[in-house]
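Below are the chains, spelled out letter by letter.
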Amino acid sequence: MTGPVGEWSPFEPATQVVHAGRPPVVAGGPVNPPVELSSLYHQGGGVAYARDSTATWEAFEEAVGVLEGGQAVAFASGMAAIAAVVEGLAVGARIVADRASYQGLRQFLAELGERGRVSVRTADLTDTPAALAACQETLSVPSRSGRTPSPGRADQQLADRPLLWIESPTNPLLGVVDLPALIEGAHRIGMTVAVDNTFATPLRQQPLALGADVVVHSVTKLLAGHSDVVMGVAVAADRSMRDALVRRRSLHGAIPGPFETWLALRGLRTLALRLERAEANAGELAARLSARAGVTEVRYPGLPGSPGHQRAVEQMSGFGTVVSFDVAGGAEQADAVAAATRLITAGTSLGGVETLLERRGRWPGESHLPPGLLRLSAGIEAVEDLWRDLDQALRAAGAR
Ligand SMILES: *Cc1c(COP(=O)(O)O)cnc(C)c1O
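Residues numbered from 1 in each chain as written. Predicted model: local features only at pLDDT ≥ 70, side-chain atom pairs only at ≥ 80, totals over all residues. Heavy atoms only, no water.

Draft legend 1. Structural view of the packing of aromatic side chains. Counted under the stated rule, the structure contains three aromatic pairs. Judged by centre distance (5.8 Å) and plane angle (55 degrees), the rings of W8 and F11 are tilted. Exposure remark for W8: the relative accessible area of 3% places this residue in the buried category. Their ring planes at 5 degrees and their centres at 6.3 Å tell us that F259 and W262 sit as a pair that is stacked. Taken together, the residues span about one helical turn, with F259 and W262 both in helix α9 (residues 258-268) at a distance of three residues. Exposure remark for F259: the relative accessible area of 46% places this residue in the partly exposed category. By relative accessible area, W262 is classed as partly exposed at 21%. (Phe/Tyr/Trp six-rings, centres within 6.5 Å; stacked < 30°, edge-to-face > 60°. Buried < 20%, exposed > 50% of the residue type's maximum accessible area, 1.4 Å probe, protein only. Helix = DSSP H or I, 4+ residues; strand = E, 2+ residues; numbered from the N terminus.)

Draft legend 2. How the structure looks around helix α7 (residues 179-188). Residues of α7 that are buried include every one of L179, L182, I183, G185 and A186, and no others. Down the axis, α7 shows its buried residues gathered within 165 degrees of arc, on one side only. Packing partners of the buried residues in α7 comprise α5 (128-140), β4 (163-167), β5 (192-196) and α11 (309-315). Between a side-chain oxygen at the N-terminus of α7 and the backbone nitrogen of A181 the separation is 3.2 Å; the capping residue is D178. Note on α7: the residue one or two positions beyond its end, G190, has a positive phi of about 80 degrees. (Arc of directions from axis to C-beta. Contact = heavy atoms within 4.5 Å. Polar contact = N/O pair within 3.5 Å; in protein donor to acceptor, adjacent residues only side chain to side chain.)

Draft legend 3. Quick peek at the nonpolar core. In this structure, F60, L125, L164, I166, V219, L268 and L271 are the most contacted members of the largest nonpolar core, which totals 45 residues. Top contributing element to this core by residue count: helix α2 (residues 55-68), with six residues. Among residues more than four places away in sequence, those in contact with V219 are F60, A224, G225, M231, G232, V233 and A264. Grouped together as the second largest cluster of nonpolar side chains are 30 residues, V73, I82, L163 and A194 included. (Core = buried A, V, L, I, M, F, W, Y, C linked by side-chain atoms within 4.5 Å.)

Draft legend 4. Inspection of the site of the ligand at higher detail. M79, D196, S218, T220 and K221 are the nearest of the 14 residues found near the ligand. G78 is positioned with one of its backbone polar atoms (N or O) 2.9 Å from an oxygen atom of the ligand. In this structure, an oxygen atom belonging to the ligand sits 2.8 Å away from a main-chain N or O atom of M79. About the coverage of the ligand: the protein hides 91% of its 380 Å² of free accessible area. A total of three residues in the shell around the ligand trace back to one element, the largest contributor, which is helix α3 (residues 78-87). (Near = heavy atom within 4 Å. Areas by Shrake-Rupley, 256 points an atom, 1.4 Å probe, with all protein chains shown as cover.)

Structure below.
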């Protein structure tokens, strides 16, 4: 059961996630791909050296490519996948990104901007007219590269276009961006569109089907799903974008290890089940937190009253596994809540089978957040156990 993306289209995503990327069916052959531990290959074949490709990556890439409907390129981390897209741009290239996007992306773009490598404009991308205006304004600033788009190599064509970087839902404010409107609007003025799909996963949102040029994931989170591997992936809508990403990976060398890749593929096999359970837990906890004294605001696109709810209903097939909430007592009380949980793990990251809680404002890069904001990544435990733990932690921290 292996082959091009099209062969998988008759199957539901929950089936694709189990079967895509397995070795060809051969009598006596293995059902799973190898952990291919070889840096070199006998000459005369397609691949010569393991910085360019390995059989383990190819299996993982096929599976993710089928799920996202594009061509996947595995990276050493989510940040490495992000960097491959951004570093593919020409010097002075213009980028528009969300003010509220993942802190690693914001820091990365800010540093590149300070060094004059790219020119970055931020906006609230959940505000569609403001987002489109920011895209328009960035085009009125001449590209500092001073180059005109050059035909020829694929990565050069991509390099000269301005880039709109979307994340939806956003980490950790759970903002929902109008993907069809922004993708269409950005394309109309010649921008490339990248979407960080980490929070939604391809089982809940398919940005390439909505027209995006490239999707990135922190595989570390929901795709691998067990908090035991750091990895990333970028998925290109077309061959030239894919080739450009492979070239960046080969030249920058941010490659995943074969064992990490194998673990990520193994984790991916249960994504549909994990997501179903964790999402149900997130929805239930969000609803109970909304009614809990001492909790002032709950951010979760699944809550009917939340600002992104309608948009999420339209462009997602589920609301994801992350809930953010504020406690009345601010930073001090939020720290006390995180310190008082017994079952829920206090720590950063998200998307694993275990429920995590963290006060995001404790990081210097997150000073724009409400200081008492707690980000909860729902795992797959029994929801009553999770609620009992959250409720007792809130009580212990003085939220009654
Ligand atoms: C964690 C995260 C990243 C970065 O991924 P790493 O695997 O940690 O490098 C990028 N985007 C989002 C939305 C994330 O949550």
